[in-house]
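The primary structure of each chain is shown beneath.
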Amino acid sequence: FPSHDKLQLIVLYRFNRSWINLPSFVLLVKERKRLMNGFWYWLQGCISLAGFLSDKMLVASLSNTVVFGYYSIASTVATQIHTIFIALGGFAFPRVSFKLAKQTDIMPMYFGARALIAVPGWLIITTLLLAGDAVFRLWLGEEIYAASIVYIKLYLAFEAVMVLIIVTGK
């Protein structure tokens, strides 16, 4: 998407043409690639949101509000765990930008960064699946734990796969 300066330039040109002497079509042609990148990023966000909400809509439509509530708790727990992994993956982005600016190959770095996130992620997920009952009881309380642990374990299994995409994007 265009930077703030370029967006301001477009707005200023649109409302006060005497101030800027650039034809609008030249500006739009120059920014077309950035505008399209913004569109694809927006579309990816919409698809991700639809995917994120679709399971909840399915559970809500096939069950009652109590089951949906416990499922939502499990979803929130999984989202918090995923957010921790995303935070760990943030170190790679400045280095990727640097390598792309230098036009060097980023694939070795990608595989290394993915392993740096996935391996500890799998260890944490495996530990939580096998021995995390005490953590979840302490975190959620006995009643909520008992009603939502099945969903939490399903989400943890799903997270074991999702940890692979953290370095590539969301």
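Here goes a summary of the coordinates provided.

Here is what the cut-offs are and how they apply
Residues numbered from 1 in each chain as written. Predicted model: local features only at pLDDT ≥ 70, side-chain atom pairs only at ≥ 80, totals over all residues. Heavy atoms only, no water. Salt bridge = Lys/Arg side-chain N within 4 Å of Asp/Glu carboxyl O. Buried < 20%, exposed > 50% of the residue type's maximum accessible area, 1.4 Å probe, protein only. Core = buried A, V, L, I, M, F, W, Y, C linked by side-chain atoms within 4.5 Å. Helix = DSSP H or I, 4+ residues; strand = E, 2+ residues; numbered from the N terminus. Phe/Tyr/Trp six-rings, centres within 6.5 Å; stacked < 30°, edge-to-face > 60°. Expected span 1.5 Å × (residues − 1). Contact = heavy atoms within 4.5 Å. Axes fitted to C-alpha atoms, helices over the stretch in contact; angles between N-to-C directions. Parallel < 35°, antiparallel > 145°, perpendicular 65-115°, else oblique. Left-handed = near helix turned anticlockwise from the far one by under 90°.

Observations concerning the pattern of salt bridges
In the structure shown here, the tally under the stated rule is 3 salt bridges. Among the ionic pairs, Lys 56 bridges to Asp 55, the shortest N-O distance being 3.5 Å. Taking the relative accessible area as the measure of exposure, Lys 56 reaches 12% and is therefore buried.

A closer look at the nonpolar core
One finds Val 77, Ile 81, Phe 85, Phe 136, Ile 152, Leu 156 and Val 163 to be the most contacted residues of the largest nonpolar core, which totals 25 residues. For this core, the element with the most residues is helix 5 (residues 107-131), which contributes 7 residues.

Brief notes about unusual backbone geometry
In the Ramachandran plot, Gln 103 falls in the positive-phi region, its phi being about 55° despite a non-glycine side chain. As for its placement among the helices and strands, Gln 103 is situated in the loop between helix 4 (92-101) and helix 5. For Gln 103, a relative accessible area of 74% translates into the label exposed.

Concerning the packing of aromatic side chains
Aromatic ring pairs are reported here in terms of the distance separating the ring centres and the angle at which the planes meet. In total, this model carries 4 aromatic pairs according to the counting rule given. Look at Tyr 71 and Tyr 155: their rings are 5.5 Å apart centre to centre, the planes differ by 50°, and that puts the pair in the tilted class. In this pair, Tyr 71 is assigned in helix 3 (residues 65-89) and Tyr 155 in helix 7 (residues 142-162), connecting sequence segments 84 residues apart. Tyr 71 sits in the buried class, given a relative accessible area of 11%. The interplanar angle of 15° and the centroid separation of 6.3 Å between the aromatic rings of Phe 136 and Trp 139 together place this pair among those described as stacked.

Examining helix 7
With 21 residues, helix 7 extends 28 Å from end C-alpha to end C-alpha; this agrees with the ideal 30 Å at 1.5 Å per step. Buried within helix 7 we find Tyr 145, Ser 148, Ile 149, Ile 152, Tyr 155, Leu 156 and Glu 159.

Quick look at the side chain of Ser 148
With respect to the helices and strands, Ser 148 occurs in helix 7. Every residue in contact with Ser 148, bar those within four places of it in the chain, is listed here: Tyr 70, Ile 73, Ala 74 and Leu 140.

Regarding the packing of helix 5 against helix 7
Here helix 5 crosses helix 7 at 160°, and the two axes come no closer than 10 Å. Classified by the angle their axes make, helix 5 and helix 7 are roughly antiparallel. In this structure, the crossing between helix 5 and helix 7 has a hand that is left-handed. Taking contact as the criterion, the partners of Trp 122, Ile 125, Leu 128 and Leu 129 in helix 5 are, on helix 7, Lys 153, Leu 156, Glu 159 and Ala 160.

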